[in-house]
Amino acid sequence: MTRFVVVGLGARSRIWLRVLGEHPSCSVVGLVETDPGRLAEASEASPGATNGGTLADVLERVEADVALLCTPPGGRHEQIATACSAGLAILAEKPLADSVADAEAHVATAAEAGVPLAVGLNFRYLGVTRALKKLFAPDRLGPPEFGRFTYERWRDGRLAHLNKYPLTMQQPMLWEQSIHHFDLMRFVYDAEPVRISARTFNPSWSLYEGHANVGALISFSDGIEMTYQGTWAGNWQHMGFEWRTECREGVALQRDMFGDLGYALRDDEELTSVTLPAEEPWVDDARALLDDFVDHLDGKGPLPCPGSDHLQSLRMVDACIQASSRGETIYL
Ligand SMILES: NC(=O)c1ccc[n+]([C@@H]2O[C@H](COP(=O)([O-])OP(=O)(O)OC[C@H]3O[C@@H](n4cnc5c(N)ncnc54)[C@H](O)[C@@H]3O)[C@@H](O)[C@H]2O)c1
């Protein structure tokens, strides 16, 4: 069994506790949370686990293999340092940190300790993501050259089941949401960002103190040009998601975060839809990521979503912020 200590018992931890609980070779041996009410509630659901207010405190009383960080991204230094000095592997929820400098420090700390550090980029594991990536094969649509990614959501951050810390972040959309989108673009296009111009702002009706909107022009290696619009203050309760990629032979079009993928060759009248596997969003993708992570610990495969790779997506977030505040194009 791979023994996990889950640190931070808020919204995201519920998915992980379920997935870990259902996994044949994983167990939850520790629970860490600074809020006593939340700690008590989670401990009731996992009565066998050792609980406490800090990772160090829990690790004094139980042996473990992995620290799964479901804490807010800011201020994880102590959690990372404690996990590293105890020799635990780390699976940290995205974003690894709320600044590139902190994320680089975490990656360096883990590397010095010889501890694997993976990031919870579960969207890479959705059936739609895998299917989209395959469409760019030379014998299908061919290489992408440009595209448009729009994510327009009214995210009511006051809802009880949602985390609260983004309400006061300076750039909540970028650090919390666009980070997934930037990672997805890098992953499916197999390309790295080279140049970003961007504008971030906050519409008058936004619930967020920081900027809920970002518009960006992103140039990737291999000459791929992307137009990105993301918002948590889209002013309609219905979600708008559209990711269209223009390739040598035609277009790929994803119209839902979790599915609705189609493609068309230039002269096609209709879009051809792509059959996707049945899956439970949030759960099956987390499960697949966990499988790869555990396989890696068992010496059976590469580390999925390494922290060092994630730094590139975080640099895109930072480049958007710099580009907007300085009114300049940022070269990565
Ligand atoms: N991959 C995804 O799809 C996805 C989805 C949602 C959230 N997340 C990420 O998961 C992380 C947590 O988000 P959330 O929605 O669960 O937030 P949350 O605010 O609901 O939960 C965070 C919990 O951590 C606790 N905490 C804070 N500091 C702590 C510390 N030092 N030690 C122990 N506990 C501490 C808080 O009290 C809170 O209960 C964030 O990085 C977020 O971006 C990822």
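Definitions and limits used
- Residues numbered from 1 in each chain as written.
- Predicted model: local features only at pLDDT ≥ 70, side-chain atom pairs only at ≥ 80, totals over all residues.
- Heavy atoms only, no water.
- Domains from an automatic or database assignment.
- Contact = heavy atoms within 4.5 Å.
- Buried area = accessible area lost by both parts, 1.4 Å probe.
- Helix = DSSP H or I, 4+ residues; strand = E, 2+ residues; numbered from the N terminus.
- Expected span 1.5 Å × (residues − 1).
- Buried < 20%, exposed > 50% of the residue type's maximum accessible area, 1.4 Å probe, protein only.
- Arc of directions from axis to C-beta.
- Salt bridge = Lys/Arg side-chain N within 4 Å of Asp/Glu carboxyl O.
- Pairing = 2+ DSSP bridges.
- Axes fitted to C-alpha atoms, helices over the stretch in contact; angles between N-to-C directions.
- Parallel < 35°, antiparallel > 145°, perpendicular 65-115°, else oblique.
- Nonpolar A, V, L, I, M, F, W, Y, C, P; charged D, E, K, R; others polar.
- Near = heavy atom within 4 Å.
- Polar contact = N/O pair within 3.5 Å; in protein donor to acceptor, adjacent residues only side chain to side chain.
- Areas by Shrake-Rupley, 256 points an atom, 1.4 Å probe, with all protein chains shown as cover.
- Phe/Tyr/Trp six-rings, centres within 6.5 Å; stacked < 30°, edge-to-face > 60°.
- Lys NZ or Arg CZ within 6 Å of the ring centre and 35° of its normal.

Trainee: Explain the domain arrangement of the protein to me, please; I cannot follow it from the model alone.
Mentor: Frequently, the measure chosen for interface size is the accessible area that the parts lose on association. Domain boundaries in the protein define domain 1 (2-115) and domain 2 (124-278 + 312-331). Summarising the inter-unit geometry, the C-alpha centres of domain 1 and domain 2 are found 29 Å apart. Contacts between the two partners involve 13 residues from domain 1, matched on the other side by nine residues from domain 2. Approximately 900 Å² of surface area, both sides summed, lies buried where domain 1 meets domain 2, with 70% of it carried by carbon and sulfur atoms.

Trainee: What is the right way to read helix H5 (residues 100-113) from this model?
Mentor: An α-helix turns once every 3.6 residues. As a result, residues three or four positions apart point the same way. Compared with the 20 Å implied by 1.5 Å per residue over 14 residues, the 20 Å span of H5 between its first and last C-alpha is a close match. If you check which residues of H5 are buried, you get Val100, Ala103, His106, Val107 and Ala110. Seen end-on, H5 carries its buried residues on one side only, within an arc spanning 125°. Opposite the buried face of H5, by more than 90 degrees, sit the exposed residues Ala101 and Glu112. Lining the buried residues of H5 we find helix H4 (77-85), strand E6 (117-120), helix H7 (172-189) and helix H9 (307-326). One or two residues past the end of H5 sits Gly114, with phi positive at roughly 70°.

Trainee: I keep staring at the pattern of salt bridges and nothing clicks. Help me out?
Mentor: Two side chains of opposite charge can pair, provided their charged atoms sit close to one another. With the rule as written, the count across this model stands at 22 salt bridges. Among the salt bridges present, the one from Arg255 reaches Asp260, with a minimum N-O distance of 3.8 Å. The partly exposed category is assigned to Asp260, whose relative accessible area is 40%. Where Arg287 meets Asp284, a salt bridge forms, and the shortest distance between an N and an O atom there is 2.6 Å. On the criterion of helical spacing, the pair formed by Arg287 and Asp284 is a turn pair, its members being three residues apart in helix H8 (residues 283-297). Exposure remark for Arg287: the relative accessible area of 26% places this residue in the partly exposed category. Given a relative accessible area of 24%, Asp284 falls into the partly exposed group. Residues joined by salt bridges that share partners form a network here, namely Arg18, Glu22, Glu280, Asp284 and Arg287.

Trainee: So what exactly am I meant to see when it comes to the sheet that holds strand E7 (residues 144-152) here?
Mentor: Either a parallel or an antiparallel arrangement is found when strands of a sheet pair, and the pairing is made through backbone hydrogen bonds. Ordered in space as E14-E13-E12-E11-E7-E10-E9-E8-E15, the nine strands form an open sheet in which the pairing is mixed. On the outer flanks of this sheet lie strand E14 (272-273) and strand E15 (330-331), each paired with one strand and no other. With respect to the sheet, helix H6 (residues 127-135) is in contact with strand E11 (240-247), strand E12 (250-256) and strand E13 (259-265), its orientation differing from that of E13 by roughly 10°. Contacting strand E8 (193-201), strand E9 (213-220) and E15, H9 crosses the sheet at an angle of about 55° to E8.

Trainee: Explain the packing of H6 against H7 to me, please; I cannot follow it from the model alone.
Mentor: Pairs of packed helices are described in terms of their axes, by the angle between the two and the distance that separates them. Direction vectors running N to C along H6 and H7 enclose 45°, while the axes themselves pass 8 Å from each other. Considered as vectors, H6 and H7 are oriented oblique to each other. When H6 is examined against H7, the residues Thr129, Arg130, Leu132 and Lys133 are found in contact with a partner set consisting of Leu184, Phe187 and Val188. Broken down by class, the residue content of the contact of H6 with H7 amounts to four nonpolar, one polar and two charged.

Trainee: Whenever I open this one, the site of the ligand confuses me. Can you help?
Mentor: Taken together, 26 residues are adjacent to the ligand, and Glu33, Arg38, Asn122, Asn163 and Glu176 come closest. Note that an oxygen atom of the ligand is positioned 3.2 Å from one of the side-chain N or O atoms of Arg76. Between the ligand and Gln79 there is a distance of 3.4 Å, counted from a nitrogen atom to a side-chain nitrogen or oxygen. When isolated, the ligand has an accessible area of 840 Å², and the protein chains bury 83% of it. Counting residues per element, the ones that place at least two in the shell around the ligand are helix H1 (11-22) and H7. Across the shell around the ligand, the residue classes tally to ten nonpolar, nine polar and seven charged.

Trainee: Would you mind showing me how to read the packing of aromatic side chains here?
Mentor: The description of an aromatic ring pair rests on the distance of the ring centres and on the angle between the ring planes. Evaluated as defined, the whole model comprises twelve aromatic pairs. Between Phe123 and Trp282 the ring centres are 5.5 Å apart and the planes differ by 75°, which places this aromatic pair in the edge-to-face class. Taken as a pair, Phe123 in the loop between E6 and H6 and Trp282 in the loop between E14 and H8 lie far apart in primary sequence, 159 residues in all. Take Phe123: its relative accessible area is 4%, and that puts it in the buried class. Taking the relative accessible area as the measure of exposure, Trp282 reaches 35% and is therefore partly exposed. Both rings, one in Phe182 and one in Tyr228, keep their centres 5.2 Å apart while their planes meet at 65°; by these two values the pair is edge-to-face. Taken together, the positions of Phe182 in helix H7 and Tyr228 in strand E10 (residues 224-231) put the pair 46 residues apart, joining distant regions of the chain. A single burial state applies to Phe182 and to Tyr228, both of which are buried. Members of the aromatic cluster, connected to one another through ring pairs, are Phe136, Phe149, Tyr151, Phe182, Tyr189, Phe220, Tyr228, Phe241 and Trp243. Sitting above the plane of the Trp232 ring, Arg155 keeps its charged end 4.1 Å from the centroid.

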